[in-house]
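Spelled out from the first residue to the last, the chains are:
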Amino acid sequence: MKKLIMDEFAEFECIGGKCPDTCCAGWKVTIDPDSNKRYQDLEGTFGDELRKSIKTDDKGNIYFEMQKDGRCPFLDEENLCRVYKNIGPEAMCNTCQNYPRVAYQAGDILFATISISCPEAGRMILGREDKQQYAFDEDKVKIVSDTEDWDKFNEAIRAYTTIHDILQERDFFVRERLTAMIIYAYQMQELIDNKEPTAPLVQLFSDVDQYAPVIAQILTGKRAIAEKIRFVRIYVNALLKTARIPALVNEFYQVLDYLSNASDNTDELWQNAFLTFDENVSETEQEQLLVYFLFRHFMEKYKGRSIWEGVLFILMFYSAYRCLTVFHYMSERKFPEFEWRILMIARMSRQFEHADGVWEAVYDNMRENGMAQPGFLLNLIN
Ligand code: SF4
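Definitions and limits used
Residues numbered from 1 in each chain as written. Predicted model: local features only at pLDDT ≥ 70, side-chain atom pairs only at ≥ 80, totals over all residues. Heavy atoms only, no water. Salt bridge = Lys/Arg side-chain N within 4 Å of Asp/Glu carboxyl O. Helix = DSSP H or I, 4+ residues; strand = E, 2+ residues; numbered from the N terminus. Buried < 20%, exposed > 50% of the residue type's maximum accessible area, 1.4 Å probe, protein only. Contact = heavy atoms within 4.5 Å. Near = heavy atom within 4 Å. Nonpolar A, V, L, I, M, F, W, Y, C, P; charged D, E, K, R; others polar. 1 Å grid on protein atoms, 1.4 Å probe; cavity = no way out; pocket = protein on both sides within 12 Å on 5 of 7 lines; lining within 4 Å. Points joined across faces, edges and corners; volume = space filled by probe spheres on them. Domains from an automatic or database assignment. Arc of directions from axis to C-beta. Phe/Tyr/Trp six-rings, centres within 6.5 Å; stacked < 30°, edge-to-face > 60°. Lys NZ or Arg CZ within 6 Å of the ring centre and 35° of its normal. Core = buried A, V, L, I, M, F, W, Y, C linked by side-chain atoms within 4.5 Å. Pairing = 2+ DSSP bridges. Axes fitted to C-alpha atoms, helices over the stretch in contact; angles between N-to-C directions.

(A) View of the pattern of salt bridges. Here the structure, examined in full by the defined rule, presents 20 salt bridges. A salt bridge links E339 to R123; the shortest N-O distance between them is 2.7 Å. Residue E339 is located in helix α16 (residues 338-352), and its partner R123 is located in helix α6 (residues 119-126); the two are separated by 216 residues in the primary sequence. Residue E339 is classed as partly exposed on the basis of its relative accessible area, which comes to 41%. Here E287 makes a salt bridge to R170, at a shortest N to O gap of 2.9 Å. Taken together, the residues span a long stretch of sequence, with E287 in helix α14 (residues 283-304) and R170 in the loop between α7 (150-167) and α8 (174-193) at a distance of 117 residues.

Structural data, given as structure tokens:
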């Protein structure tokens, strides 16, 4: 099997007690069978303590029950892990040992990265200046799959590499790159659905000089504020139905409250606020977030869905990050620092990337509200 590994996968080190939002709180920690056996066999008072917190849910998953305040019972007052301290790092369950490292297989490729639901991972990925790099590896495991549609897989990989190159094309502003991505992905999907040849389109979007005029025709200088406000209302309301992270829920309510009550809701102020975003958030930071999302989800989403839906997922998260940052600035009158943005992204990721069914709920909402169409999305990213 081939392995494509983001640089940060090998470089990551947990910062433990210095972490601004520990991962050992606020969600379920699933315990793998080997670790569970180790904990069941452990003698002494710490073994008794471990067993007291181990529960099994309706589906048979074994997990550590969090305390009422949402914290793991083995997190000490300095935010350090007592399992690690008492019985060693190798005794931690797989979830805790691996996190935030995540991997998924698509076709015969394993995609491995770290999740930006960890603020330190976010800092590493979004803070890097050079283009994202990967290590490539291959082992002897042969992928034999009767169910894989290899033509479909090859099409998806071609789309992945084309979009990846577009997103890293630094001769263009990020919103120009996103325009190219939207046009390419939508047209590609149409060709695939109609069983028409895709090679000419791939060729066009593989050559910057050829697709530059396409972008220039579409992008206008004026930003579509009404669409952004509409998107945030729908996005936030959809997420509030499943939201379980208090800090994020608070942020969402503040945004909705501001949108309903602000006396300074003028188009000009919104235009300036988005300009302030462009002045304060580097193109590189935005590029890294987009490239991360592409890598983390595109090929996985494609498995059961389509190229267009893979692109929608990236756009949805990116737009939410951009709009929520701008709305926070509008309501607080102070532009949020990098630290705030990393934390907000980590919380959004925990809510959005790591919970079953949330993406589907938001996607359905977007589709029902006509937001999954290129026209709307081009306005949203402008
Ligand atoms: S969120 Fe990341 S840095 Fe923070 S405790 Fe967890 S792994 Fe460590």
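(B) Highlighting the side chain of T325. Here T325 lies in helix α15 (residues 307-332). Given the relative accessible area of 0%, T325 is considered buried. Residues in contact with T325, not counting those within four places in the same chain, are F277, F335, P336, W340, R341 and M344.

(C) Inspection of the site of the ligand at higher detail. Taken together, the neighbourhood of the ligand is formed by C14, I15, C19, D21, T22, C23, Y99, C118, P119, E120 and R350. Across the shell around the ligand, the residue classes break down as seven nonpolar, one polar and three charged.

(D) View of the layout of surface pockets. The computed volume of the second largest pocket comes to approximately 190 Å³. D21, A25, G26, I245 and P246 are the residues nearest the centre of the second largest pocket, which is lined by 13 residues in total. Elements that contribute at least two residues to the lining of the second largest pocket include exactly α12 (246-261) and α16. Among the residues forming the lining of the second largest pocket, the class breakdown is five nonpolar, three polar and five charged. The residue makeup of the lining of the second largest pocket includes at least three contributed by each of domain 1 (24-98) and domain 2 (148-382).

(E) Focus on helix α3 (residues 44-53). Buried within α3 are the following residues: F46, G47, L50 and S53. Down the axis, α3 shows its buried residues gathered within 130° of arc, on one side only. Opposite its buried face, α3 presents the exposed residues T45 and K52, each directed more than 90 degrees away. Packing partners of the buried residues in α3 comprise α2 (33-41), β3 (54-56), β4 (62-64) and α4 (82-87).

(F) Region of interest: the packing of aromatic side chains. In this structure the tally under the stated criterion is 22 aromatic pairs. Centroid distance F277 to Y321: 6.0 Å. Interplanar angle 80°. Geometry classified as edge-to-face. Of the two residues, F277 is situated in helix α13 (residues 267-280) and Y321 in helix α15; the sequence distance between them amounts to 44 residues. By the burial criterion, F277 is buried, and Y321 matches it. Put simply, the rings of Y104, F111, Y134, Y160, F295 and F298 touch in pairs and so form one group of aromatic residues. Residue placement shows R175 over the ring face of F173; its charged tip is 6.0 Å from the ring centre. The ring of F277 has R322 lying over it, and the distance from NZ or CZ to the ring centre is 5.9 Å.

(G) A look at the environment of L248. Within the secondary structure, L248 sits in helix α12. Look at L248 and you get buried, because its relative accessible area is 2%. Once you skip the residues sitting within four places of it in the chain, L248 turns out to touch R347, M348 and Q351.

(H) How the structure looks around the nonpolar core. Judged by nonpolar contacts, the single largest core of 108 residues is most densely connected at F231 and Y235. With 17 residues, the single largest contributor to this core is α15. Sequence-distant contacts of F231, that is, excluding residues within four places in its chain, are made with M316, S319, A320, C323, M366, M371, F376 and L380. Membership of the second largest hydrophobic core comes to 14 residues, among which are F46, I54, F74 and M92.

(I) Inspection of the sheet that holds strand β5 (residues 101-106) at higher detail. Across the sheet, which stays open at both edges, the four strands sit in the order β5-β6-β1-β7 with mixed pairing between neighbours. Because the sheet does not close on itself, it has two edges, and the strands there are β5 and β7 (134-138). On average, adjacent strands in this sheet sit at an angle of 20° to one another, irrespective of strand direction. Strand direction decides the pairing type here: strand β1 (residues 2-6) and β7, joined by five bridges, are antiparallel. Of the residues in β7, the one forming a bridge with L4 is F136. α7 contacts β5, β6 (109-114) and β7 of the sheet and is inclined by roughly 35° relative to β6.

(J) View of the environment of F12. Inspection of the secondary structure assignment puts F12 in the loop between α1 (7-11) and β2 (29-30). Separated by 327 residues in sequence, F12 and E339 place their C-alpha atoms 18 Å apart.

(K) Looking closely at the sheet that holds β3. The strand order β2-β4-β3 describes an open sheet built from three strands, whose pairing is antiparallel. A single partner strand is all that each edge strand has here, and the edge strands are β2 and β3. In this fold α3 packs onto β3 and β4, with an angle of close to 30° to the strand it touches most, β3.

Keep in mind these values describe shape, not function.
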